[in-house]
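Notes for the structure review
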Amino acid sequence: MADRELPPRRWRRWRWIAVGGLLLLINVGAAWHALAPPQQVPTSLLSALEFVVAGLWAFGFAVAIVSVWRRAPSARRLMLGAALGFVLYSVARLAIFARADYDRGRLPFLAIALAIVMAVVLIAGIAGLMAERKSHEFKRKD
């Protein structure tokens, strides 16, 4: 068993950083949009509240990205928790503050799409944690 080598795991870290970076950019864009909302489009929340919430999510994803970058022991769980929390927040916000018929009409589609994304992220996270445990067990046997 000592002959067996583990495949390099570095690319998985970059995948988590890419997902976190994408969600960070989405929230920075939402914060920027909250500073200057279009006059024709009514918003569901106050602009100041939208800015603060988007800023908090952006900060949370920045912390998660830094922890993944530094290879902190709980980095994957932090990133997974932040991503799942953001998905749940997005669905809840739309469900609570949907005003227009268009928003209400797309709510079932969005909920199903986000549930699928959430399931994929959850399965990927669990698979990553299980692979991490196996690699730790492999290292202990040597």
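Located above this text is the structure these notes cover.
Because the structure is predicted, anything quoted here is derived from the model rather than measured.

**Remarks on the nonpolar core**
Counting residues in each nonpolar core, the largest one holds 14 residues, and the members touching the most others are W16, L23, F61, V68 and M79. Of all the elements in the fold, those that place two or more residues in this core are α1 (10–35), α2 (47–69) and α3 (75–97). Among the elements that take part in this core, α3 stands out by supplying seven residues, more than any other. For F61, the contacting residues outside a window of four places in its chain are G20, L23, L24, N27, M79, A82, A83 and F86.

**A short note on the pattern of salt bridges**
Using the criterion set out here, one finds one salt bridge in the structure. Salt-bridge contacts for R93 lead to E50; the nearest nitrogen and oxygen are separated by 3.7 Å. Highlighted residues: R93 in helix α3 and E50 in helix α2, separated in sequence by 43 residues. Here E50 falls in the buried class, since its relative accessible area comes to 13%.

**A look at unusual backbone geometry**
Look at R71: it is not a glycine, yet its phi comes out positive at around 60 degrees. When you line up the elements, R71 lands in the loop between α2 and α3.

**Looking at α2**
Along its 23 residues, α2 runs 32 Å from first to last C-alpha, staying within 8% of the 33 Å computed at 1.5 Å per residue. Taken as a whole, α2 has its buried residues at E50, V53, A54, A58, F61, A64, I65, S67 and V68. Two residues or fewer past α2, R71 is found with a positive phi of approximately 60 degrees.

**Observations concerning the packing of α2 against α3**
The angle between the axes and the distance between the axes are what describe a pair of packed helices. The interhelical angle for the contact between α2 and α3, taken along N-to-C directions, is 160 degrees, at an axis separation of 8 Å. With respect to each other, α2 and α3 are oriented roughly antiparallel. In the packing of α2 onto α3, the handedness of the crossing is left-handed. Where α2 abuts α3, its residues E50, V53, W57, F61, V63, A64, I65, S67 and V68 lie against A75, L78, M79, A82, A83, G85, F86, Y89 and R93. Split by residue class, the contact of α2 with α3 holds 14 nonpolar, two polar and two charged.

**So, the packing of aromatic side chains**
One pass over the full model with this rule turns up six aromatic pairs. Seen from their ring centres, W14 and W69 are 5.1 Å apart, and the 85 degrees between their planes marks the pair as edge-to-face. Of this pair, W14 sits in helix α1 while W69 is found in helix α2, placing the two residues 55 residues apart along the sequence. For W14, a relative accessible area of 35% corresponds to the partly exposed category. Note on F61 and F86: the rings are 5.9 Å apart at their centroids and 85 degrees apart in plane angle, and the pair reads as edge-to-face. With F61 in helix α2 and F86 in helix α3, this pair connects stretches of sequence that are 25 residues apart. Each member of the pair, F61 as well as F86, is classed as buried.

**Some remarks on a nonpolar patch on the surface**
Residues W32, L35, F51, V52 and L56 make up a contiguous nonpolar surface patch of roughly 580 Å² in combined accessible area. Mapped onto the nonpolar patch, the elements with two or more residues apiece are α1 and α2. Considering each element in turn, the nonpolar patch owes the most residues, three residues, to α2.

Rules used in this analysis
- Residues numbered from 1 in each chain as written.
- Predicted model: local features only at pLDDT ≥ 70, side-chain atom pairs only at ≥ 80, totals over all residues.
- Heavy atoms only, no water.
- Core = buried A, V, L, I, M, F, W, Y, C linked by side-chain atoms within 4.5 Å.
- Buried < 20%, exposed > 50% of the residue type's maximum accessible area, 1.4 Å probe, protein only.
- Helix = DSSP H or I, 4+ residues; strand = E, 2+ residues; numbered from the N terminus.
- Contact = heavy atoms within 4.5 Å.
- Salt bridge = Lys/Arg side-chain N within 4 Å of Asp/Glu carboxyl O.
- Expected span 1.5 Å × (residues − 1).
- Axes fitted to C-alpha atoms, helices over the stretch in contact; angles between N-to-C directions.
- Parallel < 35°, antiparallel > 145°, perpendicular 65-115°, else oblique.
- Left-handed = near helix turned anticlockwise from the far one by under 90°.
- Nonpolar A, V, L, I, M, F, W, Y, C, P; charged D, E, K, R; others polar.
- Phe/Tyr/Trp six-rings, centres within 6.5 Å; stacked < 30°, edge-to-face > 60°.
- Patch = residues over 30% accessible without salt bridge, like charges linked within 9 Å, V, L, I, M, F, W, Y side chains within 5 Å.
- Areas by Shrake-Rupley, 256 points an atom, 1.4 Å probe, with all protein chains shown as cover.

Any functional reading would require information that these geometric values do not contain.
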